[in-house]
Amino acid sequence: MKKCCHYWLVAILLLLPLSGFVNESDLYSVRLNAANIDPDKVFLLIDKSDYRLYVYEDVTLRKIYKVVFGNRDQTDKQVEGDRRTPEGTFHILSKRVDKSWSRFMLLDYPNEDSWQKFHQRQSEGMVSAEASIGGAIGIHGVEYNSGIRDNYVEGRINWTLGCISMKNADVNELYDVLKVGTPVVIRR
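Computed from a predicted model, the values in this text were never measured in an experiment.

What follows deals with the nonpolar core. The biggest cluster of nonpolar side chains holds 35 residues, and the ones touching the most others in it are Leu-53, Leu-107, Ile-139 and Leu-174. When residues of this core are traced back to their parent elements, those giving at least two are β1 (42–47), β2 (52–57), β4 (88–98), β5 (102–107), α5 (168–177) and β8 (183–187). A per-element tally of this core places α5 first, with four residues. Not counting chain neighbours up to four residues away, the residues in contact with Leu-107 comprise Phe-90, His-91, Ile-92, Leu-93, Ile-137, Gly-138, Ile-139, Ile-164, Val-184 and Ile-186. Counting eight residues, the second-largest nonpolar core is a separate cluster that includes Leu-27, Phe-43, Leu-61 and Val-185.

Structure below.
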């Protein structure tokens, strides 16, 4: 899909409600298989208000995952340490197997749009001139070694520093179908 067309698709999907188009209960249990999905057509939509990550292949909703974030404040990330999850359009910058979180997919936060919002907030006095924007935001599993289990995701218990956390089996499945460069839209 051409890049310009892909962004139009993302823009349209941001305006659409997510319910009512498919039997959502089926989309929680279906297994994604890297052999049956075109990674060049995949993008993610993360909706903070409903604690869900939606996997689209082109215009087809293929899978829904439950996720949690940094804290209950669903507003956009403003500064390092606020434990908020950033909003906007990002891309998977890198992927790695991780000893703490099973899999980690780093987002390109902060990107140009993030910096623009950050500097605007600084100029309006919402963020101090000494504040840092933060970074190292990604999608990862739960942290079993710290006692954080899948029940955190099921119970919508936010625990990260601003990342998106999934059950380990879910993040492992997603990791196998995503490529570096996959677009990720995060909204509230």
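Resuming the write-up.
With that settled, the discussion passes to helix α3 (residues 112–123). Residues that lie three or four places apart on an α-helix share one face, since the helix turns once every 3.6 residues. Here α3 spans 16 Å end to end across twelve residues, near enough to the 16 Å set by a 1.5 Å rise per residue. Turning to α3, its buried residues are Ser-114, Phe-118 and Arg-121. One face of α3 carries all of its buried residues, which in axial projection span an arc of 65°. In α3, the exposed residues that point more than 90 degrees away from the buried face are Glu-112, Gln-116 and Ser-123. Looking at the buried residues of α3, the elements they touch are β4. For α3, the N-terminal cap is Asn-111; the gap from its side-chain oxygen to the backbone nitrogen of Asp-113 is 3.2 Å. Immediately downstream of α3, the backbone of Gly-125 shows phi near 80°, a positive value.

Turning next to α5. With respect to burial, α5 is a largely interior element, seven of its ten residues being buried. Of all the positions in α5, only Asn-168, Asp-170, Val-171, Glu-173, Leu-174, Tyr-175 and Val-177 are classed as buried.

With an omega of 0°, the peptide bond running from Tyr-109 to Pro-110 counts as cis. Looking at the secondary structure, you find Pro-110 in the loop between β5 and α3. A positive phi is found at Asp-58, a non-glycine position, where the angle reads about 60°. Considering the arrangement of structural elements, one finds Asp-58 in the loop between β2 and β3 (60–66).

With six bridges connecting them, β2 and β3 associate as antiparallel partners. Each bridged residue has a counterpart across the sheet, and for Tyr-56 the counterpart in β3 is Leu-61. The antiparallel hairpin formed by β2 and β3 contains two residues in its connecting segment, where Asp-58 sits at a positive phi of about 60°.

To continue, consider the pattern of salt bridges. All chains considered together, the criterion is met by 14 salt bridges. A salt bridge links Asp-73 to Arg-84, with the nearest nitrogen and oxygen atoms 3.1 Å apart. Taken as a pair, Asp-73 in the loop between β3 and β4 and Arg-84 in the loop between β3 and β4 lie far apart in primary sequence, eleven residues in all. Here the salt bridges do not stand alone but share partners, grouping Arg-31, Lys-63 and Glu-173 into one network.

Rules of the game
- Starting from 1, residues in each chain are numbered consecutively following that chain's sequence as written.
- Reporting of local features is limited, given that this is a predicted model, to residues whose pLDDT is at least 70; pairs of side-chain atoms are given and counted only at 80 or more, and all residues count toward the totals for whole chains, interfaces and linings.
- Only hydrogens and water are set aside; all other atoms, that is, all heavy atoms of the structure, feed into the side-chain values.
- Take the buried residues of types Ala, Val, Leu, Ile, Met, Phe, Trp, Tyr and Cys, join any two whose side-chain atoms come within 4.5 Å, and each joined set is a nonpolar core.
- Accessibility here uses a 1.4 Å probe with only protein chains present; expressed as a share of the type maximum, an area under 20% marks a residue as buried, one over 50% as exposed, and anything in between as partly exposed.
- The way it works is that DSSP assigns letters per residue, a run of H or I at least four long becomes a helix, a run of E at least two long becomes a strand, and they are numbered from the N terminus.
- Throughout, a contact is declared for two residues whenever any of their heavy atoms are within 4.5 Å.
- Take the residue count of a helix, subtract one, and multiply by 1.5 Å to get its expected span.
- Note: the arc covers the axis-to-C-beta directions of the helix.
- Counting of polar contacts relies on pairs of N or O atoms within 3.5 Å, with two restrictions inside protein: one atom must be capable of donating a hydrogen and the other of accepting it, and residues adjacent in sequence are counted only when both atoms are side-chain atoms.
- Two strands qualify as a pair provided that DSSP identifies no fewer than 2 bridges between them.
- Between Lys or Arg on one side and Asp or Glu on the other, a salt bridge is scored when a side-chain nitrogen of the former is within 4 Å of a carboxyl oxygen of the latter.

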